[in-house]
Amino acid sequence: MSQAMHIVLDETAVSAAGQGNVLASRLIHRAHAEPDWFLYAPACVLVEADRSRPGTAEHIAALPGVTVLDLDLPAALAVARHETWGVAHAQYAAQPTVDRPDGAIIATTSPKRWEGQSVRTLDLTP
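Note that the structure is predicted; figures quoted are calculated from it, not measured.

A.B. asks: I'd like a description of the packing of aromatic side chains, backed by residues and values.
C.D. replies: For the coordinates displayed, the defined rule picks out 0 aromatic pairs. Lying across the ring of Y40, R100 places its NZ or CZ 4.8 Å from the centre.

A.B. asks: Describe the sheet that holds strand 4 (residues 105-108), with residues and values.
C.D. replies: The 5 strands are arranged 3-2-1-4-5 in an open sheet whose pairing can be described as parallel. What marks the edges here is a single partner per strand, and that holds for strand 3 (66-69) and strand 5 (120-123). Adjacent strand axes in the sheet meet at a mean angle of 35° when their direction is disregarded. As paired strands, strand 4 and strand 5 are joined by 4 bridges and run parallel to one another. Paired with A107 across the strands is L122, a residue of strand 5.

A.B. asks: With reference to specific residues and values, describe helix 3 (residues 43-52).
C.D. replies: Of all the residues in helix 3, the buried ones are C44, V45, L46, E48 and A49. Against the buried residues of helix 3 lie strand 1 (5-9), helix 1 (11-18), strand 2 (37-42), helix 4 (56-61), strand 3 and helix 6 (85-93).

A.B. asks: Pulling in residues and values, what's your account of the packing of helix 3 against helix 6?
C.D. replies: Close contact between helix 3 and helix 6 brings their axes to 7 Å; oriented N to C, the two are set at 150°. Comparing their axes, helix 6 and helix 3 come out roughly antiparallel. The hand of the helix 3/helix 6 crossing is left-handed. Residues A43, C44, V45 and E48 of helix 3 touch helix 6, and the partners they reach there are W85, G86, H89 and A90. Residue composition of the contact of helix 3 with helix 6, by class: 5 nonpolar, 2 polar and 1 charged.

The rules behind these values
- Residues numbered from 1 in each chain as written.
- Predicted model: local features only at pLDDT ≥ 70, side-chain atom pairs only at ≥ 80, totals over all residues.
- Heavy atoms only, no water.
- Phe/Tyr/Trp six-rings, centres within 6.5 Å; stacked < 30°, edge-to-face > 60°.
- Lys NZ or Arg CZ within 6 Å of the ring centre and 35° of its normal.
- Pairing = 2+ DSSP bridges.
- Helix = DSSP H or I, 4+ residues; strand = E, 2+ residues; numbered from the N terminus.
- Axes fitted to C-alpha atoms, helices over the stretch in contact; angles between N-to-C directions.
- Buried < 20%, exposed > 50% of the residue type's maximum accessible area, 1.4 Å probe, protein only.
- Contact = heavy atoms within 4.5 Å.
- Parallel < 35°, antiparallel > 145°, perpendicular 65-115°, else oblique.
- Left-handed = near helix turned anticlockwise from the far one by under 90°.
- Nonpolar A, V, L, I, M, F, W, Y, C, P; charged D, E, K, R; others polar.

As far as function goes, none of this settles anything; it's purely spatial.
Pasting the structure below:
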């Protein structure tokens, strides 16, 4: 039995996927094809990625292996405390939950942004 993989995309990873980044594409494929792979796109991350590259949010949200995470009240309260909503929503989504007791890994093409944060990262830089 293998352990489930839970991965949260930040806006750099979403943008990279929209531009054909091979590593991001592999994550998306695995999340669609493998039963224990879960890929999440927080709503605020999609907004930020779409601002820099229009159409990206719709494209990522339409993929069958990607679960869009809504901005519910607890997430909104966490986001309100930060300057950048996408980063805050991704960080909130990566925190441990009942379904994800070990939390999730944040996929990014900008790993330095996450240094000093209490999250694990996966570097998608080609």
